[in-house]
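As a plain string of letters, each chain reads:
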Amino acid sequence: MSFLTALRRISSWMPVLQRSCTRSCQIGARATCRLLHTPHRTHAVNTCQQQRGATSLQTRAFGRSAFRLKSTDDLSSSNGFNEEGEDEDFLEDSEVEELFQQQIPAGIGEGQHRVFIIHPDVKWGSRKQHLTTAELMMAEAEGLVNTLENWTVVDKMILSTKTPEKKRIFGKGNFQTLTERIRQTAGVTAVFVNVERLSPLSEREFEEVWGVKVFDRYSVVLHIFRCNARTKEAKLQISLAEIPLLRSRLKNEMANLDQQGGGSRYIGGSGETLYEIQQRLLKEREIKIRLALEKLRKKRHLLRSQRKHREFPVVSVLGYTNCGKTTLIKALTGDTGLQPRNQLFATLDVTVHAGQLPSHMTVLYVDTIGFLSQLPHQLIDSFSATLEDIKHSDLLIHVRDISHPETANQKVNVLNVLKNLQIPDRLMNSMIEVHNKTDLITNYESAEPAALPISALEGRGLEQLKEAVEEEILKATGKQILDLKVNLSSPQLSWLYKEATVQDVQVNADEGSAVVKVIIGTAAHGRYKKLFGSR
C-alpha cells in the first residue's frame, strides 16, 4: 500500500471525527471535565483554546459541525403507554443520523460481500467450547452472514488450531492450507474469522496475505445491529460500540504509514502527530456519545419512576436472539403493531407493550435485545442503557427456542450475560423459563419440570403462562387480593376501577352497596383508605 493511498484512506473518515469547532468546543470541554472529573474550570477553557489552536489547520479539511442539544422523543411505546419526560441537551435527529451514517468502519458498509467463513476449532485450553460443536458454531456464523442483505457465503472451512492466541491463529501448515483455499475460491470479497475479536495485528496480517477485507464476530454483529437500528438510542449505542473498530483500523492504517515514514510526522504547528490527532478526536467523539447516552439513561430512570407511580408491573421478556420473544409478546398482548421477523437481532430497542392477566390486572411486557454466544463485553457495555431495564423489572421471562440444536448452550450463554449484568437474585430466583416453538417438535415433553412448554406462534400454553406470571407478580409487587365494601352512591367503585384491578362486584341493591373483589397495591390501598376511610 502506497503512502498516499494509506493517507487517503485515513482522511476519508477523518471528517467524521472532527467536530471540535466553535460551537461544540465548549460543550466538549464541559463534557470532558464532567466525565473525567476535572476540578478546575480554567482547565476546560485551556482545553478549549488548545483544541482551537491545534485543529485550526485541519478545520477546513475535516469539516464543521456542532453537537446542538435539545429535548428528545419519547423512548417508550405501544398501547397508549407513551410517557413524557424532561430531557434537555440532547442531540438533534440530523446530528445523530450524520454520526451514524458517516462513522462506518471501513469495509463493513460497502454494499455486497461474497464471504469465506473460517471457524478455528480450538482443541484444548480455556478457549475450547465444551457445550457445542464446531459444526454448530459454523452454522451460527452462516446464519449471521445470511442475515445481512447482499451478503452470501461462497465457501466455509473448519480448521483445528492449538494456538488461537497467536497472530495467525493457526499453525504454519494449516494457515498455508487455508490461504490456498481462499485464493482458489472464485469471487471472495471478504473473510469472516469466527472468533469474538481479532487483534489489530491479526486483522492486518490476514488482509495483507489474503488481499480482502477480514471481519470477526464483533464487526459482523455490529453491522447487523446497524442494519436494524431505528431509534436515536440504538444508533448512538452502535456508534459507541464501533469506536473500538475505528481504533483498530486506525492502528493498521498508521502502521502502513509508519513503514513509509509518514505516521510519525507532525501536522502543522500543533505539536501532534497524525496518529495523536486521530486518537484525540476519537476520544472526543466517544465522550460526546457517552454524554448523550447518559442523558438517555436518566430519561429511562424517569420513565421507570412514572411506571412505578402508576403501579403497572413490568415483565421483561429475554432470551437468545431469534428465540421468539416478540412473537410471544404479540400473542400475550394482542398488539397488532408488533411485526416479528425471523432473523437475528430483529429487536434492538426496548419497547413496552400492555397486556392483561387472567385477573384483568394490566402488566407491561418489555421486549429486549437478543443475546448471542461469544458476544464481546464491549458490545454489551455499549448497550448497557438498554439492558439496564431488565434490572428494574418485577419479573423476567426467559424464552428458549427448544427446537434449536444448541438450546442448552444458548441457555448457558443467556444466564452468563445476566450474571455479568449483575441482575438481582430476587429476579433470577423468580424467573420463569419458557420452552417456545414446541410446534416444531412432535409430542414434546420437557425434561425440566419447572419450565413451561408453549408455542407462541400457535397460541399453545399461553393461559398457563399468564397464570404463572400473575402468581409471581403478586409475590414480587406485594399486591393484595381484598374484598372491599363500597357505597354505590360514592365514587369508591369508579376509583377502584381506575386505580386497582377489579375482579368481581357483588351488588346489594337493598343497601345500595357492593362488595368488590380487587387486586390492589400497597400504595393504592393506602390512598384508598385516606380518601374513603376503612369502609
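Residues numbered from 1 in each chain as written. Predicted model: local features only at pLDDT ≥ 70, side-chain atom pairs only at ≥ 80, totals over all residues. Heavy atoms only, no water.

A look at the packing of aromatic side chains
The final tally for this structure, using the stated rule, is 7 aromatic pairs. Residues F206 and W210 carry aromatic rings whose centres are separated by 4.6 Å and whose planes lie at 15° to one another, so their mutual orientation is stacked. Note that F206 and W210 are positioned in helix 8 (residues 200-210) at a spacing of 4 residues, about one turn of the helix. The rings of F175, F206 and W210 are connected pair by pair, giving a single aromatic cluster. The positively charged end of R197 is found above the aromatic ring belonging to Y218, 4.5 Å away from the centroid. (Phe/Tyr/Trp six-rings, centres within 6.5 Å; stacked < 30°, edge-to-face > 60°. Helix = DSSP H or I, 4+ residues; strand = E, 2+ residues; numbered from the N terminus. Lys NZ or Arg CZ within 6 Å of the ring centre and 35° of its normal.)

Some words on unusual backbone geometry
Of note in the backbone geometry, I169 takes a positive phi value of approximately 65° without being a glycine. The backbone of K437 shows a phi angle near 65°, a positive value even though the residue is not glycine. For K437, the position within the fold is in the loop between strand 11 (432-436) and strand 12 (452-453).

Remarks on the sheet that holds strand 15 (residues 513-520)
The sheet built from 3 strands is open, its strands ordered 13-15-14 with antiparallel pairing. The two strands at the open ends of the sheet, each matched to only one other strand, are strand 13 (480-487) and strand 14 (501-508). Here the strands of the sheet are splayed against their neighbours by 20° on average, with no regard to which way each runs. Two strands pair when backbone bridges link them, and strand 14 and strand 15 are joined in this way by 7 bridges, in the antiparallel orientation. Residue Q506 lies in a different strand from strand 15, and its bridge partner there is V515. (Pairing = 2+ DSSP bridges. Axes fitted to C-alpha atoms, helices over the stretch in contact; angles between N-to-C directions.)

Some remarks on the pairing of strand 9 (residues 362-367)
Each regular strand carries side chains that alternate between the two faces of the sheet. With 5 of 6 residues buried, strand 9 is to be regarded as a mostly interior element. By the bridge criterion, 4 bridges tie strand 7 (residues 314-319) to strand 9 in an arrangement that is parallel. Following the sheet pairing, V317 is matched in strand 9 by D367. Sheet topology note: the strand 8 (residues 351-356)/strand 9 ladder contains 6 bridges and is antiparallel. Within strand 9, the position partnered with G355 by the bridge is V363. Where strand 8 hands over to strand 9, the hairpin turn is made up of 5 residues, of which H360 adopts a positive phi near 75°. (Buried < 20%, exposed > 50% of the residue type's maximum accessible area, 1.4 Å probe, protein only.)

Observations regarding the pattern of salt bridges
Taken as a whole, this structure holds 23 salt bridges when the rule is applied. Among the salt bridges present, the one from K411 reaches E448, with a minimum N-O distance of 3.1 Å. In this pair, K411 is assigned in helix 15 (residues 407-420) and E448 in the loop between strand 11 and strand 12, connecting sequence segments 37 residues apart. The closest approach of N and O atoms between E458 and R460, which form a salt bridge, is 2.4 Å. Each of R400, K411, E433 and E448 takes part in one network of salt bridges that share partners. (Salt bridge = Lys/Arg side-chain N within 4 Å of Asp/Glu carboxyl O.)

Points about the side chain of H113
Looking at where H113 falls in the secondary structure, it is placed in strand 3 (residues 113-122). H113 gets classed as buried once you look at its relative accessible area, which sits at 5%. Reaching out from H113, the side chain makes a polar contact with the side chain of T189 at a distance of 2.9 Å. (Polar contact = N/O pair within 3.5 Å; in protein donor to acceptor, adjacent residues only side chain to side chain.)

Structural notes on the sheet that holds strand 4 (residues 151-161)
Taking strand neighbours across the sheet as the criterion, the 4 strands line up as 4-3-5-6 in an open arrangement whose pairing is parallel. For this open sheet the edge positions go to strand 4 and strand 6 (213-215), each flanked by a neighbour on one side alone. Averaged over all pairs of adjacent strands, the angle between their axes in this sheet comes to 20°, without regard to strand direction. Where strand 5 (residues 190-193) lies against strand 6, 3 bridges are found, and the strand directions are parallel. Note on strand 6: the bridge partner recorded for V191 is V214. With respect to the sheet, helix 9 (residues 217-228) is in contact with strand 4, strand 5 and strand 6, its orientation differing from that of strand 5 by roughly 110°. (Contact = heavy atoms within 4.5 Å.)

Some thoughts on helix 19 (residues 522-532)
One turn of an α-helix holds 3.6 residues; hence residues three or four places apart share an orientation. All of the buried residues in helix 19 are A524, H525, Y528 and F532. Buried residues in helix 19, looked at end-on, bunch into an arc of 100°, giving them a common side. Summarising the geometry of helix 19, the exposed residues directed more than 90 degrees from the buried face are T522 and K530. Of the surrounding elements, those touching the buried residues of helix 19 are strand 13, helix 18 (492-499) and strand 15. In the segment just after helix 19, G533 is the residue with positive phi, at about 75°. (Arc of directions from axis to C-beta.)

Everything listed here is a matter of coordinates, which is why it stays silent on function.
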